[in-house]
Amino acid sequence: MSLAVVLFAVSLYVGTLGVGFLPPVGPFLDPANGIWSVARSTEVPEQATVSIASLGKSVKVVYDRRAVPHIFASSIDDAMRALGYVVARDRLVQLETQTRATAGRLSEWGGEDALRLDRSQRSLGLAWSAEEEYAALDDESLEMRLIQAYAEGVNAWIDGMRQADVPFEYRFLGKMPARWEPVHSIYLIKRMSYTLTYSTQDRWRRQVEALVGEEATAALFPINNPIQEPIQPNGFGAPRFDYEPLPAADVPRLRRTGDAIAGVLGPAEETSLGSNNWAVSPSRSASGNALLAGDPHLDLTMPSIWYEVHIVVPGELDVYGVTIPGVPSIVIGFNRDVAWSLTNTGADVLDYYREAVDDAEQPTQYSVDREWRPLEHRVEEFFGPDGELLAVDTVYRTHRGPLVRTGDEYLSMRWTTLDDSGATAALFDASRAKSVREYLGNTESYFAPAQNFIVADREGNIAIRSTGRYPIRPNDGRGTEILSGGTSQNEWQGFWPVDRYPFSLNPDQGFLASANQQPLDPTVDDGYLGVNWTSPWRAMRINELLRSDSQVTSDDMRRYQTDPGNAKADLFVPAFLEAAASVLAREPNERLEQAAQLLGDWDRRYTRENERAVLFEAAMAELTRNTWDELEMPRGARRVATPTASILAQLLIFPDNAWWDNLATGSVTETRDEILAASLASALESTQQEYGLPEDGGWRWDVIRQSNIRHILGLRALSVLDIPIQGGPGNLNPSSGGGSHGASWRMVVELGPEIAAWTTYPGGQSGNPASRWYDNRIQQWAAGELDEVLFPRDVTELGEDSVLGVLTLTAGSG
């Protein structure tokens, strides 16, 4: 991205975040230190030496041809100082933005428009719990050493910055970087856990129950997915369909609900996003080596959520992969013996409790077992860009967690995110493992956010474990209801032992895969881990690919990551076509006949050039709307919540089920085929209205669905938008309508005598928009292509043609 584009951003930025002010024009345009100097520190240093007082010994940082720093240090502490330094050099704005988002301090940049977000974050107690976790750390612990050394590195960059090094975003905001505190690394872990585990499901289930009754709610949002393709292999060798008729809605309850539904609403549609990882045993790989692939799907941002790096400490550490800026460790990657990746488990690790307080307006106590306990409280002040006080809140907390007022009641949260996570030290220890078994042992202390760790080693072992802290709940053991906080009998009773976690080591099938599906088959273990699981379309597709090939190559692994096949389309397209044929056999319908012909032409693959996926997606949207009309809010079009497509698939088996009937048609009772056919015909009409006739070229998938990678602060001109990709909802490479989520990192590793690996992510190493390393990987990522990485044991293994620059960090007076 050029400096001209950066300047163009100025004209578009004002009001983007609601900052509400423009920096002084004179300083901003000053030729020496203003916007014009933003390009002066955009590239990696060709040869540079910097003195850092906290270093024990010199550290060599060699930037390779992809701008990836290879850090060669003589101690772990110095390696972390160097990591903090190079991350800050490339991603300083990102470091501070993430910290402010967690701490609820974005209003100090964005003013009133950021205040609502800040108040919400502080009410959850993320920063509060992080500060307590930090205060409880042993000064000599590994975690304290890591986060302190990392902070020293970040601050060494901040302290040594020239005016020309101050990132563009600070100049525009009229701010200077804040210092990085060790606790901020814990903030970031809390933020990750918030992103991956925060849920209001218990609260919106009450709204669904108010509409359709408890029995119907339990069936529409079930404990177990009706399509079983679990993470822990169950020995079936194919998906199992546990279909039962859905109980009808409680119609009298529907009629008397009135205006009772308000507040939190559930998902308007099923998320089509998530993460994938899989591993293949030597017995099923063409090379006879274990293979591993991972692509976590997260927010797509500029700069990327990930930063690629290689860290070497002779005799202690030699690890390559990606870190999240702020985390003093490689999160996903490989060393000389082991490779690993993560997907989100999606377990239910948050419960709400209804609390009785002594005063509804200014509570000081809450009741448990008929005894009053004092509420903890903390006064939170919110400031604006000029230091003005915007608001003051009092945040309350019970022994369970944060207390919030919802309507006329107070709810407290018990949430594993607010416990000590164990993440920093566990991730670091994992990166030093020399075998699958050692990796599994080193991650036993990891608690939150719960993740599916997949791992493979050079000995040919592969394993997967859903690692995290899973609550043992009282009564029926399920976490689907809001509990009474007035009795201690409703407290969590502990956590699952590690040996009960969903797990598999070297299964007979010769491969393992996770894609956010339900981890355990309930016929194997019916313990409660969660509810309303994501439809397993991606899991079904990757398992289908792996089952059908006993000679998998590393090229295949890379190709699978953007495979255009779609298990959802394979299931629903025949249902639409059969329903259309049934209805057309009774009476002619020109629109339905044309829609069926067009859909029947599709090969059910989400390629860029296909011109039928748009019709299928429109038909699925119409089918969802027509089927779940009972879940619409009284006198409103918005659904209280929407069941997953797995539940729709279950409903297909029962053509006369009451849920097919559309309440709006009064005395007419619709059946499955009538709803499917009507949905398909309506989809053709709406698609033609929006995109024109199918033969005019407007139906091409790459014209309709793209990825959008937005700047972390929302600056449109510094975003990369409308990127055509291969993939769609339910694909291994998913895309949503907004395109703002997707594969944030792709990695394939072959664990032969020497490790070979291929990687990419959507963005670039630098957060500086004037740098050639800002967005240089995006087109490669969009094409599904990966680079082979350089993995040198020492500085001498990087030839001159592979080196962009060398940064030497020396111990000194600073």
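Worth saying up front: this structure is predicted, and the values here are computed from it rather than measured.

**A look at the pairing of strand 25 (residues 511–514)**
On strand 25, burial covers both faces: F511 and A513 on one face and L512 and S514 on the other are all buried. Taken together, the 4 bridges between strand 6 (residues 276–280) and strand 25 define a ladder with antiparallel strand orientation. The residue bridging A279 from the neighbouring strand is L512, located in strand 25.

**Observations regarding the sheet that holds strand 12 (residues 332–334)**
Taking strand neighbours across the sheet as the criterion, the 11 strands line up as 1-32-2-3-10-11-12-13-21-22-24 in an open arrangement whose pairing is mixed. Two strands lie at the open edges of the sheet, namely strand 1 (47–52) and strand 24 (503–505), each paired on one side alone. Going from strand to strand, the sheet's axes swing by 20° on average, the running direction of each strand aside. Contacting strand 1, strand 2 (59–64), strand 3 (69–72), strand 10 (307–313), strand 11 (317–323) and strand 32 (803–811), helix 3 (residues 76–103) crosses the sheet at an angle of about 160° to strand 10.

**Concerning the packing of helix 19 (residues 613–627) against helix 21 (residues 672–691)**
Here helix 19 crosses helix 21 at 130°, and the two axes come no closer than 8 Å. Viewed along their axes, helix 19 and helix 21 adopt a mutual orientation that is oblique. Taken as a pair, helix 19 and helix 21 cross one another with a handedness that is right-handed. Residues V614, L615, A618, A619, E622, L623, N626 and T627 of helix 19 form the contact with helix 21, whose participating residues are I675, L676, S679, L680, S682, A683, L684, S686, T687 and Y691.

**A few points about the nonpolar core**
With 110 residues, the main nonpolar core has I311 and F334 as its most contacted residues. When residues in this core are grouped by element, the largest group, 12 residues, is from helix 3. When residues no more than four places from it in sequence are discounted, the contact partners of I311 are I71, A79, M80, L83, L317, D318, V319 and I330. With 61 residues, the next largest nonpolar core counts L246, A579, A677 and I704 among its residues.

**A short note on the pattern of salt bridges**
The tally for this structure, following the rule as stated, stands at 48 salt bridges. One salt bridge in this structure joins E96 and R100, with 2.9 Å as the shortest N-O distance. You can see E96 and its partner R100 sitting in helix 3, 4 residues apart, about one turn around the helix. Here E96 and R100 have matching classes, each one buried. Where E380 meets R122, a salt bridge forms, and the shortest distance between an N and an O atom there is 3.0 Å. Pair noted here: E380 is in strand 17 (residues 376–383) and R122 is in helix 5 (residues 115–124), with a separation of 258 residues, a long-range link. Judged on exposure class, the residue E380 and its partner R122 are both buried. It is possible to trace a salt-bridge network through shared partners that takes in R66, E308, R777 and D787.

**Quick look at the side chain of D457**
Inspection of the secondary structure assignment puts D457 in strand 21 (residues 451–457). Within the buried set, D457 has no salt-bridge partner at all; the shortest N-O distance to an opposite charge, 6.0 Å, is to R437. Here N461 takes part through its backbone nitrogen, which lies 2.9 Å from a polar atom of the side chain of D457. Non-local contacts of D457, meaning those with residues more than four positions away in its chain, are made with A290, D337, V338, S435, V436 and L751.

**Notes on a negative patch on the surface**
Together, E112, D113, D386 and E388 make up a region of like negative charge exposed at the surface. Looking at the element boundaries, D386 is found in the loop between strand 17 and strand 18 (389–397).

**Some details on the sheet that holds strand 6**
In spatial order, the strands read 25-6-7-29-30-31; together these 6 strands make up an open sheet with antiparallel pairing. Pairing within the sheet leaves two strands with one partner each, and these edge strands are strand 25 and strand 31 (787–788). Two strands pair when backbone bridges link them, and strand 30 (residues 755–760) and strand 31 are joined in this way by 2 bridges, in the antiparallel orientation. The partner of T759 across the bridge, within strand 31, is D787.

**Things to note about the environment of W306**
Residue placement: W306 occurs in the loop between strand 9 (301–302) and strand 10. By relative accessible area, W306 is classed as buried at 3%. It is 7.5 Å that separates the C-alpha atoms of W306 and S744, two residues lying 438 residues apart in sequence.

**Topic: the packing of helix 6 (residues 126–135) against helix 9 (residues 183–197)**
Running from N to C, helix 6 and helix 9 point in directions that differ by 135°, and their axes come no closer than 9 Å. Comparing the axis directions of helix 6 and helix 9 gives the class oblique. As for how helix 6 packs across helix 9, the hand of that crossing is right-handed. In this structure, helix 6 contributes L126, A127, S129, A130, E131, E133 and Y134 to the contact, and helix 9 contributes V183, I186, Y187, K190 and Y194. Each residue belonging to the contact of helix 6 with helix 9 can be placed in one class, and the counts come to 8 nonpolar, 1 polar and 3 charged.

**Some remarks on the confidence of the model for the protein chain**
In the predicted model, the protein chain carries a mean pLDDT of 91, and the fraction of residues at 70 or more is 92%. Note on residues 1–37: pLDDT is under 50 here. Beyond four places in sequence and across chains, it has 74 contacts.

**A closer look at helix 9**
Across its 15 residues, helix 9 extends 21 Å between first and last C-alpha, which sits within 8% of the 21 Å expected from 1.5 Å per residue. With 11 of its 15 residues buried, helix 9 lies for the most part within the structure. Three or more residues of helix 9 are buried, namely V183, H184, S185, I186, Y187, L188, I189, K190, M192, S193 and T197. Of the surrounding secondary structure, the elements contacted by the buried residues of helix 9 are helix 3, helix 6, helix 7 (142–160), strand 20 (409–415) and helix 13 (423–430).

**Observations regarding the environment of A360**
Residue position: A360 is located in the loop between strand 14 (350–355) and strand 15 (365–368). C-alpha separation for the pair A360 and R405, spaced 45 residues apart in sequence, amounts to 8.9 Å. If sequence neighbours within four positions are ignored, A360 has contacts with R405 and Y410.

**Quick notes on the packing of aromatic side chains**
The full count for this structure, using the stated rule, is 25 aromatic pairs. Judged by centre distance (6.4 Å) and plane angle (85°), the ring pair of F576 and F616 falls under edge-to-face. One end of the pair, F576, is in helix 17 (residues 567–586); the other, F616, is in helix 19, with 40 residues separating them in the sequence. In this structure, F576 and F616 share a single accessibility class: buried. In textbook terms, an aromatic cluster arises when at least three aromatic residues are bridged by ring pairs, as seen for F576, W602, Y606, F616 and W701. Directly above the aromatic system of W128 lies the positively charged group of R397, at a separation of 3.8 Å from the ring centroid. One cation-aromatic arrangement involves R777 over Y761; the distance from NZ or CZ to the ring centre is 4.5 Å.

Conventions adopted
Residues numbered from 1 in each chain as written. Predicted model: local features only at pLDDT ≥ 70, side-chain atom pairs only at ≥ 80, totals over all residues. Heavy atoms only, no water. Buried < 20%, exposed > 50% of the residue type's maximum accessible area, 1.4 Å probe, protein only. Helix = DSSP H or I, 4+ residues; strand = E, 2+ residues; numbered from the N terminus. Pairing = 2+ DSSP bridges. Axes fitted to C-alpha atoms, helices over the stretch in contact; angles between N-to-C directions. Contact = heavy atoms within 4.5 Å. Parallel < 35°, antiparallel > 145°, perpendicular 65-115°, else oblique. Left-handed = near helix turned anticlockwise from the far one by under 90°. Core = buried A, V, L, I, M, F, W, Y, C linked by side-chain atoms within 4.5 Å. Salt bridge = Lys/Arg side-chain N within 4 Å of Asp/Glu carboxyl O. Lys, Arg positive; Asp, Glu negative; His and termini not counted. Polar contact = N/O pair within 3.5 Å; in protein donor to acceptor, adjacent residues only side chain to side chain. Patch = residues over 30% accessible without salt bridge, like charges linked within 9 Å, V, L, I, M, F, W, Y side chains within 5 Å. Areas by Shrake-Rupley, 256 points an atom, 1.4 Å probe, with all protein chains shown as cover. Charge placed at Lys NZ, Arg CZ, Asp CG, Glu CD. Nonpolar A, V, L, I, M, F, W, Y, C, P; charged D, E, K, R; others polar. pLDDT = per-residue confidence, 0-100. Expected span 1.5 Å × (residues − 1). Phe/Tyr/Trp six-rings, centres within 6.5 Å; stacked < 30°, edge-to-face > 60°. Lys NZ or Arg CZ within 6 Å of the ring centre and 35° of its normal.

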